[in-house]
Amino acid sequence: ESGTSKEKALVVKKMILNPDQFLKKSVFLLGGRLFDTFLVMNILMANIRSFTQSEVFRFIITGGLATALHYGIYFVLLLLSVNMSLAFAVGYFLSFVFNYLMSAYFTFKKKTTKRNGMGFIIAHCINFMLQVSLLNFFAWLGIHKALAPIPAYAISIPVNFIIVRFVFNKVK
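Residues numbered from 1 in each chain as written. Predicted model: local features only at pLDDT ≥ 70, side-chain atom pairs only at ≥ 80, totals over all residues. Heavy atoms only, no water.

Bringing the nonpolar core into the picture now. Within the largest apolar cluster, 18 residues are counted, with the highest numbers of intra-cluster contacts made by Tyr74, Leu78, Phe88, Phe128 and Leu135. Elements with a contribution of two residues or more to this core: α4 (55-79), α5 (84-107), α6 (114-140) and α7 (149-170). Discounting residues that sit within four places of it in the chain, leucine 78 has contacts with Met84, Ala87, Lys145 and Ala146. Membership of the second largest hydrophobic core comes to 11 residues, among which are Phe59, Ala104, Phe161 and Phe168. (Core = buried A, V, L, I, M, F, W, Y, C linked by side-chain atoms within 4.5 Å. Buried < 20%, exposed > 50% of the residue type's maximum accessible area, 1.4 Å probe, protein only. Helix = DSSP H or I, 4+ residues; strand = E, 2+ residues; numbered from the N terminus. Contact = heavy atoms within 4.5 Å.)

Moving on: the packing of aromatic side chains. Summed over all chains, the structure comprises 12 aromatic pairs. On the basis of an interplanar angle of 65 degrees and a centroid distance of 4.6 Å, the ring pair of phenylalanine 59 and phenylalanine 161 is categorised as edge-to-face. Taken together, the positions of phenylalanine 59 in helix α4 and phenylalanine 161 in helix α7 put the pair 102 residues apart, joining distant regions of the chain. By the burial criterion, phenylalanine 59 is buried, and phenylalanine 161 matches it. Considering the side-chain rings of phenylalanine 93 and phenylalanine 128, the 5.0 Å spacing of their centres and the 40 degrees angle between planes classify their relative orientation as tilted. Here the residue phenylalanine 93 occupies a position in helix α5, and phenylalanine 128 occupies one in helix α6, the gap between them amounting to 35 residues. Clustering of aromatic rings is evident, with ring pairs tying together Tyr71, Tyr74, Phe75, Phe88 and Tyr153. (Phe/Tyr/Trp six-rings, centres within 6.5 Å; stacked < 30°, edge-to-face > 60°.)

What follows is about the packing of α6 against α7. Orientation of α6 relative to α7, taken along the N-to-C sense of each, is 165 degrees, at an axis distance of 9 Å. For the element pair α6 / α7, the angle class is roughly antiparallel. Every pair of crossing elements has a handedness; the one defined by α6 and α7 is right-handed. Residues Asn116, Gly119, Phe120, Ala123, His124, Ile126, Asn127, Leu130, Gln131, Leu134, Leu135 and Phe138 of α6 touch α7, and the partners they reach there are Pro149, Pro151, Ala152, Tyr153, Ile155, Ser156, Val159, Asn160, Ile163, Val164, Val167 and Phe168. Split by residue class, the contact of α6 with α7 holds 17 nonpolar, seven polar and no charged. (Axes fitted to C-alpha atoms, helices over the stretch in contact; angles between N-to-C directions. Parallel < 35°, antiparallel > 145°, perpendicular 65-115°, else oblique. Left-handed = near helix turned anticlockwise from the far one by under 90°. Nonpolar A, V, L, I, M, F, W, Y, C, P; charged D, E, K, R; others polar.)

Our focus in this paragraph is unusual backbone geometry. What is expected of a backbone is that most residues other than glycine have negative phi and most peptide bonds are trans. The phi dihedral of serine 81 is positive, around 65 degrees, even though this residue is not glycine. Relative to the helices and strands, serine 81 resides in the loop between α4 and α5. A relative accessible area of 66% means that serine 81 is categorised as exposed. One non-glycine residue, lysine 109, adopts positive backbone phi at about 55 degrees. Turning to its location among the elements, lysine 109 is positioned in the loop between α5 and α6.

The subject of this paragraph is α4. Side chains three or four residues apart in an α-helix point the same way, a direct result of the helix having 3.6 residues per turn. In this model α4 runs 35 Å from its N-terminal to its C-terminal C-alpha over 25 residues, within 8% of the 36 Å that 1.5 Å per residue would give. Glu55, Arg58, Phe59, Thr62, Gly63, Ala66, Thr67, His70, Ile73, Tyr74, Leu77 and Leu78 are the residues of α4 that are buried. Tucked inside the fold, the buried residues of α4 contact α5, α6 and α7. After α4 finishes, the residue serine 81 shows a positive phi value of roughly 65 degrees. (Expected span 1.5 Å × (residues − 1).)

Have a look at this one:
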């Protein structure tokens, strides 16, 4: 174990009285152990860098933007008294092109091809049917039609990630 109780207490006291000096010495106490601040920061930064460069992170960004676009269109059409399923379909298809281009170039870093385009269309036909079914199911349960897409998204987006990832990484 690093340091005695007296040494640990001294480190904590120095940290409280002079945090700048504490950071310069690069030692801190956590759970009764002394740690090197720079080592911990390097490990955290490596993990953050790794995550922000991952497909999952890029999918979250792309999917979040596409979902926001879809929901925005859906909500505006609801305000204009368009039927719930029709508003959902229009929003879905208008966000589809944005989603495909972002998925290809940003999320999976692939060129658009006829093959991955067809795979994406098939994946999104499955996803669309799942989302519309869930939308109507949640509306039937009594969830307000303005909020019904939210649980539908929560279920369908992870399913969509798996299907679309397969399309971009397995379809040659």
